[in-house]
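# Chains, contacts and geometry: an overview
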Amino acid sequence: MAFKEILLNMGPQHPSTHGVLRLKVALDNEVVMKVTPVLGYLHRGMEKLFENRTYQQITPLTDRFDYLAAISNNLGYLLAVEKLMGIEVPKRAQYIRVIFTELQRLASHLAWVGFFANDIGAMSVLLYGFIEREDILEIFEEYSGARLTVHAFRVGGVPTDINDKIIDMINTFILKLPKRIADIETLLTGNRIWKHRTIGVGVISPEDAISLGLTGPSLRSTGIKWDIRKDIPYSSYQDFQFEVPTSANGDLYDRYVLRLEEIKQSMRIIRQALDTLPQGETLTKVPRVLKIAPGEVFHSIEAPKGELGFYIKSNGTDKPERVKMKSPSFINMQSLETMCLGNLFADIVAVLGSLDIVLGEIDK
Amino acid sequence: MIEKLENYPLLKQVYQNLENRFAGALLGATFEKDELCVTADRSNLISILEFLKNDNGFNALNDMVGLDNMNTKKEGEKRFTILYLLYRFPGSARIRIKVDIDENETLPSIYSLYRASDWAEREIYDMFGLNFSGHPGLTRIYMPDEFKDFPLRKDFPLEGK
Amino acid sequence: MNNQTEKPSFLLARVDKFITWAQKNSVWPFGSGLACCAIEMIATAASHYDVARFGMEVFRSSPRQADLFIVSGTVTNKMAPVIRRLWEQMPDPKWVIAMGNCAISGGPFPTYSVLQGVDKIIPVDVFISGCPPTPQGLLNGLIVLQEKISEQHPTKFIMKDRQHD
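### Let's talk about the overall build of chain C
Along chain C, the regular secondary structure elements total 7 helices and 4 strands. Listing every helix and strand of chain C by position from the N terminus yields α-α-β-α-β-α-β-α-β-α-α. Sequence separation of at least 24 residues holds for 77% of the intrachain contacts in chain C that already meet a minimum separation of 6. Counting only carbon and sulfur atoms, one obtains 55% of the accessible surface of chain C, whose full area is about 8200 Å².

In structure tokens form, the structure reads like this:
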């Protein structure tokens, strides 16, 4: 068939763009030639806002970055602030932080499986994933009073200790989850349609992935073993035993299998943390008005979506000079075009779903 | 400087390599909170990054940060600073390259070295109004094209003009 | 049983009441997600909270097929013309819910790029506060909207359009 370039516009209001993303797509018949994302439809001016807020006031705002994994954002920001101040967080608080960030990773991955399957056309998985996610959100609600934008941690530790009820809830949930994961696996892993839509689609090579700065499960699916929890441990991750799953093909199916495996590893970490939870303080004494001496710091953590880093520059006042967020979705989004080139138009939606993007984090 | 790096053999090696190669061209270096930061000049930025990438294995660009030093700069210093946060697989080493730049000056784009710099440079252009020569498509990334100001400059009010 | 079937069964109602009753019990929301609140909107539609109990499970992806616009999240200045256009594309009668503090007033973002309240560009029927509102909050807002619909006259929208002309 003769070459005929078709220009298509997707978004900013589109059911499969995970928010207000706009894509300009050039097609040769049905094969993707070029994908140009247009960002900024959710640009809220967060970084400017941070410069006008005190260090403590920023913490709840970080919830609104990646709203599917709010606690990970809290942790990333607070670790950077604590590194800048040079304060040590009590061991018990570190373990509680680990428990909650891993629960958040479970919630984020469960939501991801649902959205990804929904993008490909398997609606029921979304409903399954959200049942379990709801249990996690109930634990958050019991702990902090909020479901989504949790604001679970404070500078210097965690605001309240976890009580027996929360530990019971987590234990019950951990016991229940493997069966649910098995259900999702039954629905998808061996499903012929699922395999057809995902195997060999959206492939990216390890070289491209590194050059594009890809992190998280998308990078690990190309065979590179790189997990900050293991490589540069923070918040006592070195105390726990867990595997970093990798796979070799770098396609959508691998990313799916990998994330399900990560869910299992997260459950392992939560179990270990609950079993070996140390006694003691949960909050270091920090002054009510935080004035941080001039300095700069960069700290990154392994968020569910990839490497989440915070660069903070202080200037001696109670407000930061500059906070720059290295958001995993922003970086991962850049690789969309590389993954989509040569695939069919319908695969764009699948690739976009597999990247686990959150527009709040991309647009800041 | 080099004594501070005593417990960090990898960073020490990298820093020594840099010193040997660019003897007088490095404008300074700091090592605070386990983070090595090297100040470079705009003219030899590309050669330093090339050296770090090809000969020292810093194969990934973590992020680029723009800073507006309007309120803190001393007399004679340049207004803006660009930071290049580099990362090394494997080995888990980070290094930060710092370049000072004035409003009317342009930096060379590092797109040919790290493809990750594509959107990072566009973001700095959008937020600070700094130009990168050789970038494949330097357009605004967040704000609409008809927007005239640069939001993250310190003289831009939070509520907008 | 027999006695009842022999009589012709009928129901007496005013046409306008009947129409509003039908409208209120089959609201079709427009599945437009903007930010954090969209996740809670999805959670409301998903199995645990199940908005289908109120006849609203038909989330449409096209504004042409929907009659309820849930503005779920931050509206930026860049997005505002799109929101206005989507609202204009929805057929009458239509209702708008401003979900969350961002949509109500800009919420925690008094910044250069955020529209300070979606009611500046489209008329809003129900405001639901929260950051984000819980699913219970959204359900409460939807019930309030149902009450509002049942009190309205179905010709209200026609009259309004004439006044504009």
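Structure shown, so let's carry the discussion forward.
### As for the overall build of chain A
Across its full length, chain A carries 15 helices and 6 strands. Dimensions of chain A along its principal axes, counting C-alpha atoms only, are 70 × 45 × 35 Å. Intrachain contacts of chain A at a sequence separation of at least 6 include 72% that bridge at least 24 residues. A total of about 11900 Å² of accessible surface is found on chain A, and carbon and sulfur atoms cover 53% of it. Charge-centre separation for chain A: the mean point of 42 positive side chains lies 3 Å from the mean point of 44 negative side chains.

### Let's talk about a nonpolar patch on the surface
On the surface, Val15, Phe18, Ile19 and Trp21 of chain C cluster together into a nonpolar patch covering about 420 Å² of accessible area. Tracing the backbone shows Ile19 of chain C in helix H2 (residues 15–25).

### A word on the pattern of salt bridges
Residue and element names in this part refer to chain A. Under the criterion given, the structure shown has 45 salt bridges over all chains. Salt-bridge contacts for Glu142 lead to Lys165; the nearest nitrogen and oxygen are separated by 3.2 Å. Here the residue Glu142 occupies a position in helix H5 (residues 123–144), and Lys165 occupies one in helix H6 (residues 164–188), the gap between them amounting to 23 residues. According to the relative accessible area criterion, Lys165 is partly exposed, its value standing at 47%.

### Description of the nonpolar core
Of all hydrophobic cores here, the largest spans 200 residues; its most connected members are Leu23, Phe100 and Leu103 of chain A together with Tyr84, Ile95 and Ile97 of chain B. Looking at this core element by element, the count peaks at 17 residues for helix H4 (residues 91–120) of chain A. With residues up to four places along the chain from it excluded, the contact list for Leu23 of chain A reads Leu8, Asn9, Met10, Val35, Thr36, Pro37, Met333, Leu336, Ile348 and Leu352 of chain A. In terms of nonpolar packing, the next biggest core, distinct from the first, is built from 18 residues, Met41, Tyr49, Leu142 and Ile149 of chain C among them.

### Considering the interface of chain C and chain B
Each side of the interface is counted separately: chain C has 5 residues, and chain B has 11 residues. When chain C packs against chain B, close to 570 Å² is buried across both sides, 69% of that on carbon and sulfur atoms. On the chain C side of the interface with chain B, the three residues burying the most area are Lys78, Pro110 and Tyr112 of chain C, jointly 86% of the side's total. Across the contact surface, chain C and chain B share 0 salt bridges. Across the contact surface, chain C and chain B share 2 residue pairs in polar contact (both at pLDDT 80 or more). Residues of the side of chain C that touches chain B, tallied by class, amount to 2 nonpolar, 2 polar and 1 charged.

### So, the pairing of strand S1 (residues 28–32) of chain B
All names here are of chain B. Relative to strand S2 (residues 35–40), S1 is paired through 5 bridges, and the arrangement is antiparallel. By the bridge assignment for S2, Gly28 is matched with Thr39. Remark: 2 residues form the turn of the hairpin made by S1 and S2, two consecutive strands paired antiparallel; Lys33 in that turn has positive phi of roughly 50 degrees.

### A few points about the interface of chain B and chain A
Contacts between the two partners involve 41 residues from chain B, matched on the other side by 40 residues from chain A. When chain B packs against chain A, close to 3600 Å² is buried across both sides, 55% of that on carbon and sulfur atoms. When the buried surface of chain B facing chain A is broken down by residue, Arg115, Trp119 and Tyr142 of chain B rank first, second and third, together holding 21% of it. For the salt bridge of Arg94 of chain B with Glu307 of chain A, the shortest nitrogen-to-oxygen distance reads 3.3 Å. Our enumeration of links across chain B and chain A arrives at 22 residue pairs in polar contact (both at pLDDT 80 or more). At the level of secondary structure, the elements contributing two or more residues to the side of chain B that touches chain A comprise strand S3 (60–68), strand S4 (80–88), strand S5 (93–101) and helix H3 (117–128) of chain B. When residues in the side of chain B that touches chain A are grouped by element, the largest group, 9 residues, is from S3 of chain B. Of the residues assigned to the side of chain B that touches chain A, the class counts are 23 nonpolar, 6 polar and 12 charged.

### A closer look at the side chain of Gln265 of chain A
For Gln265 of chain A, the position within the fold is in helix H11 (residues 252–275). The buried category is assigned to Gln265 of chain A, whose relative accessible area is 7%.

### Considering the packing of H4 of chain A against H5 of chain A
Residue and element names in this part refer to chain A. Two numbers describe how H4 lies on H5: the axes approach to 8 Å, and their chain directions differ by 160 degrees. If you check the angle between H4 and H5, you find them roughly antiparallel. Considering how the two elements wind past one another, H4 and H5 form a crossing that is left-handed. Here the residues of the contact of H4 with H5 sort into 18 nonpolar, 4 polar and 2 charged.

### Concerning helix H1 (residues 9–21) of chain B
Residue and element names in this part refer to chain B. A rise of 1.5 Å per residue sets the reference length of H1, with its 13 residues, at 18 Å; its end C-alpha atoms lie 18 Å apart and thus fit the reference within 8%. Inspection of H1 places Leu11, Val14, Tyr15 and Leu18 among the buried residues, and these make up the whole buried set. Down the axis, H1 shows its buried residues gathered within 95 degrees of arc, on one side only. Exposed side of H1, more than 90 degrees from the buried face: Pro9 and Asn20 are the residues found there. Looking at the packing, one finds that the buried side of H1 touches S1, S2, helix H2 (45–56) and S5.

### Considering unusual backbone geometry
With an omega dihedral of -10 degrees, the bond running from Cys131 of chain C to Pro132 of chain C counts as a cis peptide bond. Considering the arrangement of structural elements, one finds Pro132 of chain C in the loop between strand S4 (126–128) and helix H6 (135–151). The backbone phi angle of Asn29 of chain A is positive, close to 50 degrees, even though this residue is not glycine. When you line up the elements, Asn29 of chain A lands in the loop between strand S2 (22–28) and strand S3 (31–38). In this model, Lys33 of chain B sits at a positive phi of 50 degrees, which is unusual for a non-glycine residue. Structurally, Lys33 of chain B is set in the loop between S1 and S2. Relative accessible area serves as the criterion here: at 32%, Lys33 of chain B is assigned to the partly exposed category.

### Considerations on empty space enclosed by the protein
Residues and elements named next belong to chain C. Under the definition given, this model contains 7 cavities of 30 Å³ or more. Roughly 70 Å³ of internal volume is contained in the largest cavity. When residues of the lining of the largest cavity are traced back to their parent elements, those giving at least two are helix H3 (36–45) and helix H5 (100–105). The dominant element in the lining of the largest cavity, judged by the number of residues it contributes, is H5, at 3 residues. For the lining of the largest cavity, a count of residues per class yields 6 nonpolar, 6 polar and 1 charged. As a volume, the second largest cavity reaches approximately 60 Å³.

Conventions and cut-offs
Residues numbered from 1 in each chain as written. Chains lettered and ligands numbered in written order. Predicted model: local features only at pLDDT ≥ 70, side-chain atom pairs only at ≥ 80, totals over all residues. Heavy atoms only, no water. Helix = DSSP H or I, 4+ residues; strand = E, 2+ residues; numbered from the N terminus. Contact = heavy atoms within 4.5 Å. Areas by Shrake-Rupley, 256 points an atom, 1.4 Å probe, with all protein chains shown as cover. Lys, Arg positive; Asp, Glu negative; His and termini not counted. Charge placed at Lys NZ, Arg CZ, Asp CG, Glu CD. Patch = residues over 30% accessible without salt bridge, like charges linked within 9 Å, V, L, I, M, F, W, Y side chains within 5 Å. Salt bridge = Lys/Arg side-chain N within 4 Å of Asp/Glu carboxyl O. Buried < 20%, exposed > 50% of the residue type's maximum accessible area, 1.4 Å probe, protein only. Core = buried A, V, L, I, M, F, W, Y, C linked by side-chain atoms within 4.5 Å. Buried area = accessible area lost by both parts, 1.4 Å probe. Polar contact = N/O pair within 3.5 Å; in protein donor to acceptor, adjacent residues only side chain to side chain. Nonpolar A, V, L, I, M, F, W, Y, C, P; charged D, E, K, R; others polar. Pairing = 2+ DSSP bridges. Axes fitted to C-alpha atoms, helices over the stretch in contact; angles between N-to-C directions. Parallel < 35°, antiparallel > 145°, perpendicular 65-115°, else oblique. Left-handed = near helix turned anticlockwise from the far one by under 90°. Expected span 1.5 Å × (residues − 1). Arc of directions from axis to C-beta. 1 Å grid on protein atoms, 1.4 Å probe; cavity = no way out; pocket = protein on both sides within 12 Å on 5 of 7 lines; lining within 4 Å. Points joined across faces, edges and corners; volume = space filled by probe spheres on them.

Any functional reading would require information beyond the geometric quantities listed.
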